[in-house]
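The lines below spell out each chain.
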Amino acid sequence: MSTAGKVIKCKAAVLWETHKPFSIEDIEVAPPKAHEVRIKMVATGVCRSDDHVVSGSMVSPFPVVVGHEGAGIVESVGEGVTSVKPGDKVIPLFSPQCGKCRVCKHPENNLCIKNDLIKPRGTLLDGTCRFTCRGKPIHNFLGTSTFSQYTVVDEIAVAKIDGASPLEKVCLIGCGFTTGYGSAVKVAKVTPGSSCAVFGLGGVGLSVVIGCKTAGASRIIAVDINKDKFAKAKELGATECINPLDYNKPIEEVLQEMTDGGVDFSFEVIGRLDTMNSALVSCHAACGVSVIVGVPPNAKNLSVNPMLLLLGRTWKGAIFGGYKSKDEVPRLVTDFMAEKFPLEPLITHVLPFEEINEGFDLLRTGKSIRTVLTF
Ligand code: COD
Ligand code: ZN
Ligand code: ZN
């Protein structure tokens, strides 16, 4: 029996307040309104940003259904939806693409002004939510809310993907993989034969390593204070691995000495101010490019000597690897299907959705790279 047009009762992981575990609740999901899409989730990754909501370091209205790295199948669509239809495999887009705003029309940039990332309202575009639990409205997160058996998103925040793609793998294209990979191939535009340094070897940093390798870099120097991360980094393309704790001088000096004055491209994929500075200094003074990928602590500033830039370095950053999401997520899925890059090495754990709290424990204790929850 079709569920289109009806309220769906299902399970979701609700976060009622900060510093509390996720609570698996029975919720109601209202049908999609005009230009909205209701999705049956199949798989979702556990990302650091979801945990930032739990810890309060990322601001979000509560109660909320978080999760933003998912993949699923369209259950029904609201009036006027043309880009997807029921039965399509899709990836929700935490960074949407309206196609009409100044940024969407800019050839190089991707942070559509319709995003709910910079000043989160915790709603869909019309200012309301489609979830209720125990009679209370529950907020959306980044317009995606993938920690629910069903979710509703705006049409500008969903991409139709290859019908043959394995959703329990390509869900990583919804955030972590794309953020890292795009930072190398699209934001930095790593060139063949170049030298790269990647600071931080979590799932996003390893995706930067994959991007540098795909782009043809000849040296990829992986930097982490946890040497247990080195084996996987090497498997994915790192040519050298160094631990700042093994040296009695700053790691930027070590990198400058290793690479004739500095690498061509450096990436900060940790989210710390000190390593953002080290990554900047470790790229070549005249021709280096340094990319900030890690999200810095809330409301913290970095003091930088302008000479570091005056000599010619480029310092940049981007959300979601600089990709225009609705256009480029389907292409990335096609590239994965054509084996242009792997996703499997990033997935260390697969758990049933109900074990979401165990998935977050694995993240917090550093035991996982990516955990995928399946519905
Ligand atoms: N020096 C070297 N390595 C360090 C240091 C240090 N001082 N401190 C920690 N590390 C290492 C850790 O040992 C770890 O291996 C790695 O850095 C960090 O890994 P994770 O697993 O914590 O992080 P990831 O890979 O999941 O990435 C998280 C980011 C830090 C990049 C996070 O900020 C992020 O996801 N940014 C993406 C930005 C974005 O687009 N966000 C929007 C939606 S997510
Ligand atoms: Zn836009
Ligand atoms: Zn994320």
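For the structure itself, look to the data block above.
Analysis parameters
- Residues numbered from 1 in each chain as written.
- Chains lettered and ligands numbered in written order.
- Predicted model: local features only at pLDDT ≥ 70, side-chain atom pairs only at ≥ 80, totals over all residues.
- Heavy atoms only, no water.
- Near = heavy atom within 4 Å.
- Polar contact = N/O pair within 3.5 Å; in protein donor to acceptor, adjacent residues only side chain to side chain.
- Areas by Shrake-Rupley, 256 points an atom, 1.4 Å probe, with all protein chains shown as cover.
- Helix = DSSP H or I, 4+ residues; strand = E, 2+ residues; numbered from the N terminus.
- Core = buried A, V, L, I, M, F, W, Y, C linked by side-chain atoms within 4.5 Å.
- Buried < 20%, exposed > 50% of the residue type's maximum accessible area, 1.4 Å probe, protein only.
- Contact = heavy atoms within 4.5 Å.
- Donors = N, O, S within 2.8 Å, 3.2 Å for Na, K, Ca; no water.
- Tetrahedral: all angles 85-135°; square planar, octahedral: opposite > 155°, others 65-115°.
- Axes fitted to C-alpha atoms, helices over the stretch in contact; angles between N-to-C directions.
- Parallel < 35°, antiparallel > 145°, perpendicular 65-115°, else oblique.
- Left-handed = near helix turned anticlockwise from the far one by under 90°.
- Nonpolar A, V, L, I, M, F, W, Y, C, P; charged D, E, K, R; others polar.
- Pairing = 2+ DSSP bridges.
- Patch = residues over 30% accessible without salt bridge, like charges linked within 9 Å, V, L, I, M, F, W, Y side chains within 5 Å.
- Salt bridge = Lys/Arg side-chain N within 4 Å of Asp/Glu carboxyl O.

Chemist: For this particular structure, what's the right way to read the site of ligand 1?
Modeler: Taken together, 27 residues surround ligand 1, and among them R48, S49, V204, D224 and V295 come closest. With respect to ligand 1, the backbone of G203 contributes an N or O atom lying 3.0 Å from an oxygen atom. For ligand 1, the accessible surface in isolation is 910 Å², of which the surrounding protein chains cover 88%. Mapped by element, the contributors of at least two residues to the shell around ligand 1 are helix 1 (48-55) and helix 5 (203-214).

Chemist: Looking at this structure, I do not really get the nonpolar core. What am I missing?
Modeler: In this structure, F147, I173, V190, C212 and F267 are the most contacted members of the largest nonpolar core, which totals 89 residues. Examining the composition of this core, we find that 6 residues originate from one element, helix 5, more than from any other. Not counting residues within four places of it along the chain, the set of residues in contact with I173 comprises I91, T178, F320, V329, L332, V333, F336, F341 and L343. With 11 residues, the next largest nonpolar core counts V223, I242, I251 and V263 among its residues.

Chemist: Explain the coordination of the zinc ion (ligand 2) here, please?
Modeler: Coordination angles at a metal have ideal targets, namely 109.5 degrees for four tetrahedral donors and 90 or 180 degrees for six octahedral donors. At the metal site, the zinc ion (ligand 2) is ligated by C98 (SG), C101 (SG), C104 (SG) and C112 (SG), and these contacts range over 2.3 to 2.4 Å. Relative to the metal, the 4 donor atoms surrounding the zinc ion (ligand 2) lie at angles of 105 to 116°, and the coordination shape comes out tetrahedral.

Chemist: What's the story with the packing of helix 4 (residues 176-188) against helix 5 in this structure? I'm lost.
Modeler: Two quantities define a packed helix pair, namely the angle between the helix axes and the distance between the axes. Across the interface, helix 4 lies against helix 5 with an axial gap of 7 Å and an inter-helix angle of 40°. Considering the angle they form, helix 4 stands oblique to helix 5. At the point where helix 4 passes helix 5, the crossing takes the right-handed sense. Residues G176, F177, T179, G180, Y181, A184 and V185 of helix 4 pack against V204, S207, V208, I210, G211, C212 and T214 of helix 5. For the contact of helix 4 with helix 5, a count of residues per class yields 8 nonpolar, 6 polar and no charged.

Chemist: Explanation requested: the coordination of the zinc ion (ligand 3) in the structure shown.
Modeler: Here the zinc ion (ligand 3) is held by the protein donor atoms C47 (SG), H68 (NE2) and C175 (SG), which lie 2.0 to 2.3 Å from it. Around the zinc ion (ligand 3) sit 4 donor atoms, and with donor-metal-donor angles ranging over 96 to 124° the site reads as tetrahedral. Each donor residue of the zinc ion (ligand 3) lies on one chain, and together they are spaced C-x20-H-x106-C. Taken as a pair, H68 in the loop between helix 1 and strand 4 (70-77) and C175 in the loop between helix 3 (167-170) and helix 4 lie far apart in primary sequence, 107 residues in all. For the pair H68 and C175, one class covers both residues: buried.

Chemist: Would you explain the sheet that holds strand 6 (residues 131-133) in this entry?
Modeler: Hydrogen bonding along the main chain pairs the strands of a sheet, whether they run parallel or antiparallel. Taken in spatial order, the 4 strands of this open sheet run 1-2-6-7, and their pairing is antiparallel. Bordering the open sheet on either side are strand 1 (8-14) and strand 7 (136-138), each of which pairs with just one other strand. Averaged over all pairs of adjacent strands, the angle between their axes in this sheet comes to 45°, without regard to strand direction. Pairing between strand 6 and strand 7: 3 bridges, direction antiparallel. Residue T132 lies in a different strand from strand 7, and its bridge partner there is P137.

Chemist: Would you mind showing me how to read a nonpolar patch on the surface here?
Modeler: Among the surface-exposed residues, M307, L310 and L311 lie close enough to one another that they form a single nonpolar patch of about 320 Å² accessible area. By the element assignment, M307 lies in helix 9 (residues 307-310).

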